[in-house]
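Survey of secondary and tertiary structure
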Number of protein chains: 2
Amino acid sequence: MLYLIGLGLSHETDITVRGLEVVKQCKRVYLEAYTSILMTADKESLEKFYGREVILADRELVESGSDTILENAQEDDVAFLVVGDPFGATTHTDLVLRARELGIKYTTIHNASVMNAVGACGLQLYNFGQTVSLVFFTDNWKPDSFYDKVLENRKLGLHTLLLLDIKVKEQSIENMARGRLIYEPPRYMSIETAASQLLEIEEIRGENCYGPNTPCIAVSRLGSPAQTIRSGVLEEMVEYESGAPLHSLVILGNQVHDLETDFIVEFAENKDRLRAAIKEDAQNFAKPVPPPPEDDFSD
Amino acid sequence: MLYLIGLGLSHETDITVRGLEVVKQCKRVYLEAYTSILMTADKESLEKFYGREVILADRELVESGSDTILENAQEDDVAFLVVGDPFGATTHTDLVLRARELGIKYTTIHNASVMNAVGACGLQLYNFGQTVSLVFFTDNWKPDSFYDKVLENRKLGLHTLLLLDIKVKEQSIENMARGRLIYEPPRYMSIETAASQLLEIEEIRGENCYGPNTPCIAVSRLGSPAQTIRSGVLEEMVEYESGAPLHSLVILGNQVHDLETDFIVEFAENKDRLRAAIKEDAQNFAKPVPPPPEDDFSD
């Protein structure tokens, strides 16, 4: 049996009781270590907490060596640990498809991921549209497909969760070209970088998807003891010192419920400015006023 | 301190290790018992597992009596347990706002909810639009606001998660009128009912949002040992025997990634029909073909 086990967001102890029971009795335990990180735990602290060996699974092992992970899992119990929930990233779908081909049964033990825990910022999950990813720009590569998706959400009045780029175990172009397995230090996108990149693309595209005064929420170290939530307008986020990773950014939809507003302004440095910006933003993407119903004058 | 603790989806042991540690040391522990249920646990089994008393919090207590829950929580530790994750439903935002007014600090211990665990059906969470709720129709009340939201998602090619109605501790209109605190037996919407209601509203609205041949996925008892995932077209779901609650239904967007298709057809009774329906659906809401880029003929 293959067990896909979510580790949650931060602590060793964010694993579920059921997940921990399974980890203790599996023959092999792999930790997926390249799409995210646990903020207050690492391989060593997990091994200590579980009382057993944990094998780091990097991108090569998961994408090219999945048969190593799945070896004899028709008979043996194998655990594959994923930060957050196991069904956040495409890669793990691949692993399950391969397990199916090999006739291996699988069970998922779910956990919190940023996709649902972001509700802690005070916006209703019902009011979010599609989630988008924002990658690090380089001098000559500034992918802006996120912009269309944010625009689609904004036109519907919906909030957008932006997942910010994580670069773990990446090679430089030079090292890759020379076939040297030397990796760059890990990089995690900050709120400041995300906000700058967003404004840079609005400058280029100019479709008024958002602007310096658009309300947003910086969610930093979600679920960890050092969690910080800061609301404000986008240009304030360019100057914000968001600190240690991980970070996510929410761009608000222009239809904000009063209860949402009451909740989120508490996280603002400049509460009056945010309230005003929410009010002002409500005028954007205004839907045409529908004609009155035919019986509107009947009484 | 107020601790908002997610219980996950099904088992007593779906609580996180950290959540369990907190539950054991709190002065009072409340269990929110009206917006969802744990599928394989109840108050008694939780009390046994925690080794302590648990107080059931019904709608009256949470919405009108939140000061009872929060009594002396400036000094004492109080836990509020919620099935899934604490930030799925509006009500708990209210509780946090009230705690803030009373100067009570709060901490959230997150867990899986259907909003992220639905990824287990094989569709990418990135490809979901806004989540909608479907309530039980009565003879003269058939609220259809969900239809507009599904249509917004479908026009963008995005999947829609439909959360199906749960009626726990509801009074009949007669008993309510007479002020009698007699409650109806709990009701949980089945896949069959959801599919019938969906087709009924398409019949009335007629905007071709979806139809009998629209691909969808029934997700039943997600995260429990009796979990069942069944894919197919909407009219097949009308006849499907979905069994014990809880259920959710996903209406696919018309842009389905090949990897998603490969994953989900495994859950179909009629695989060929589903593959054909996905292909056919891709023609709906077709975006106009963009003009070729200007340098398209340059070589």
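Everything quoted here is computed from the prediction, not taken from an experiment.

Here we take up the pattern of salt bridges. It is possible for side chains of opposite charge to pair when their charged atoms get near one another. In this structure the tally under the stated criterion is 34 salt bridges over all chains. Between B:Arg178 and B:Glu174 there is a salt bridge, with its nearest N and O atoms 3.5 Å apart. Given the relative accessible area of 57%, B:Arg178 is considered exposed. The salt bridge partner of B:Glu207 is B:Arg205, with a shortest N-O separation of 3.0 Å. For B:Arg205, a relative accessible area of 22% corresponds to the partly exposed category. Each member of the salt-bridge network shares a partner with another, and the members are A:Asp144, A:Asp148, A:Arg205 and A:Glu207.

On to the relation of the copies chain A and chain B. Expressed as a screw transformation, the operator carrying chain A onto chain B has a rotation angle of 180° and an axial translation of 0.0 Å, and the superposed copies differ by an RMSD of 0.0 Å. Taken together, the rotation angle and the small translation identify this as a two-fold axis. When the interface residues of chain A are mapped onto chain B, 100% of them are again interface residues, pointing to one common binding face.

Okay, the interface of chain A and chain B next. Residue-level contacts link 51 residues of chain A with 51 residues of chain B. Here chain A packs against chain B, burying approximately 4300 Å² in sum over the two surfaces, 61% of which is carbon and sulfur. It is A:Val17, A:Tyr126 and A:Phe263 that lose the most area in chain A upon contact with chain B, and together they represent 15% of the buried surface on that side. At the surface where chain A touches chain B, the tally comes to two salt bridges. Between B:Asp14 and A:Arg18 there is a salt bridge; the shortest N-O distance is 3.0 Å. Applying the counting criterion to the chain A and chain B interface returns 18 residue pairs in polar contact (both at pLDDT 80 or more). Counting residues per element, the ones that place at least two in the side of chain A that touches chain B are helix H1 (17-25), helix H5 (90-101), helix H6 (114-117) and helix H11 (258-265) of chain A. With six residues, the single largest contributor to the side of chain A that touches chain B is H5(A).

Bringing the sheet that holds strand S10 (residues 215-220) of chain B into the picture now. Residues and elements named next belong to chain B. If you walk across this open sheet you meet the five strands as S6-S7-S12-S10-S11, and the pairing is mixed. The open sheet terminates on both sides in strands that have one partner only, identified here as strand S6 (132-134) and strand S11 (228-233). Each neighbouring strand pair of the sheet contributes to a mean axis angle of 25°, computed without reference to strand direction. One ladder, built from six bridges, connects S10 with S11; its direction is antiparallel. Bridged to cysteine 216 within S11 is glycine 232.

The subject of this paragraph is the domain arrangement of chain A. Residues and elements named next belong to chain A. Looking at chain A, the domain boundaries give domain 1 (2-112) and domain 2 (115-282). Just the C-alpha atoms count here: the centres of domain 1 and domain 2 sit 28 Å apart. Of the residues lining the interface, 15 residues belong to domain 1; the matching set on domain 2 comes to 15 residues. Buried surface at the junction of domain 1 and domain 2, both sides included, amounts to about 1000 Å², of which 63% is carbon and sulfur. Contact with domain 2 buries area across many residues of domain 1, yet Leu9, Ile37 and Met39 alone supply 42% of it, more than any other trio. Taken together, the connections running from domain 1 to domain 2 amount to one residue pair in polar contact (both at pLDDT 80 or more). Considering only residue class, the side of domain 1 that touches domain 2 consists of six nonpolar, five polar and four charged.

Further remarks concern unusual backbone geometry. Residue and element names in this part refer to chain A. Cis geometry marks the peptide bond from proline 245 to leucine 246, where omega comes out at 5°. Relative to the assigned elements, leucine 246 resides in the loop between helix H10 (234-239) and strand S12 (247-251). Of note in this structure, asparagine 72 is not a glycine but carries a positive phi near 60°. By the element assignment, asparagine 72 lies in the loop between helix H4 (66-69) and strand S4 (78-82). Notably, asparagine 208 is not glycine yet its phi reads approximately 55°, a positive angle. Asparagine 208 gets classed as exposed once you look at its relative accessible area, which sits at 61%.

All chains considered together, the criterion is met by zero disulfides over all chains. A:Cys121 takes part in no disulfide bond, and the closest cysteine sulfur to it belongs to A:Cys216, at a distance of 11 Å.

Throughout the structure, instances matching the rule amount to eight aromatic pairs over all chains. Between A:Phe263 and A:Phe267, the ring centres sit 6.0 Å apart and the planes meet at 50°, which makes this aromatic pair tilted. When its relative accessible area of 17% is taken as the criterion, A:Phe267 is described as buried. Between A:Phe263 and B:Phe87, the aromatic rings sit 6.2 Å apart at their centres with planes inclined by 90°, giving edge-to-face as the arrangement. Of this pair, A:Phe263 sits in helix H11 while B:Phe87 sits in the loop between strand S4 (78-82) and helix H5 (90-101), on two different chains. Judged by its relative accessible area of 5%, B:Phe87 is buried. Ring pairs connect the aromatic residues A:Phe87, B:Phe263 and B:Phe267, which therefore count as one cluster. Across the ring face of B:Phe267, the terminal group of A:Arg100 is positioned such that the distance to the ring centre comes to 5.1 Å.

Moving on, we get to the side chain of B:Glu202. Residue and element names in this part refer to chain B. Among the secondary structure elements, glutamate 202 is positioned in helix H9 (residues 191-205). Despite its burial, glutamate 202 pairs with no opposite charge, the nearest such side chain being arginine 154 at 7.9 Å. Each residue touching glutamate 202, except ones within four places of it in the same chain, is listed here: Tyr147, Glu207, Asn208, Cys209 and Tyr210.

Turning to the sheet that holds S4(B), a few remarks are in order. All names here are of chain B. Strand order across the open sheet formed by five strands is S3-S2-S4-S1-S5, with parallel pairing between neighbours. In this open sheet, the two edge strands, each paired with only one partner strand, are strand S3 (55-57) and strand S5 (106-109). Strand-to-strand twist in this sheet, taken as the mean axis angle between neighbours without regard to direction, amounts to 25°. Looking at chain direction, strand S1 (residues 2-6) and S5 are connected through four bridges and run parallel. Its bridge partner being in S5, tyrosine 3 is matched across the sheet by threonine 107. Those strands touched by helix H1 (residues 17-25) are S1, strand S2 (28-32), S4 and S5, and its axis lies near 135° from that of S1.

Parameters at a glance
- Residues numbered from 1 in each chain as written.
- Chains lettered and ligands numbered in written order.
- Predicted model: local features only at pLDDT ≥ 70, side-chain atom pairs only at ≥ 80, totals over all residues.
- Heavy atoms only, no water.
- Salt bridge = Lys/Arg side-chain N within 4 Å of Asp/Glu carboxyl O.
- Buried < 20%, exposed > 50% of the residue type's maximum accessible area, 1.4 Å probe, protein only.
- Least-squares fit on C-alpha atoms with pLDDT ≥ 70 in both.
- Contact = heavy atoms within 4.5 Å.
- Buried area = accessible area lost by both parts, 1.4 Å probe.
- Polar contact = N/O pair within 3.5 Å; in protein donor to acceptor, adjacent residues only side chain to side chain.
- Helix = DSSP H or I, 4+ residues; strand = E, 2+ residues; numbered from the N terminus.
- Pairing = 2+ DSSP bridges.
- Axes fitted to C-alpha atoms, helices over the stretch in contact; angles between N-to-C directions.
- Domains from an automatic or database assignment.
- Nonpolar A, V, L, I, M, F, W, Y, C, P; charged D, E, K, R; others polar.
- Disulfide = S-S within 2.5 Å.
- Phe/Tyr/Trp six-rings, centres within 6.5 Å; stacked < 30°, edge-to-face > 60°.
- Lys NZ or Arg CZ within 6 Å of the ring centre and 35° of its normal.
- Lys, Arg positive; Asp, Glu negative; His and termini not counted.

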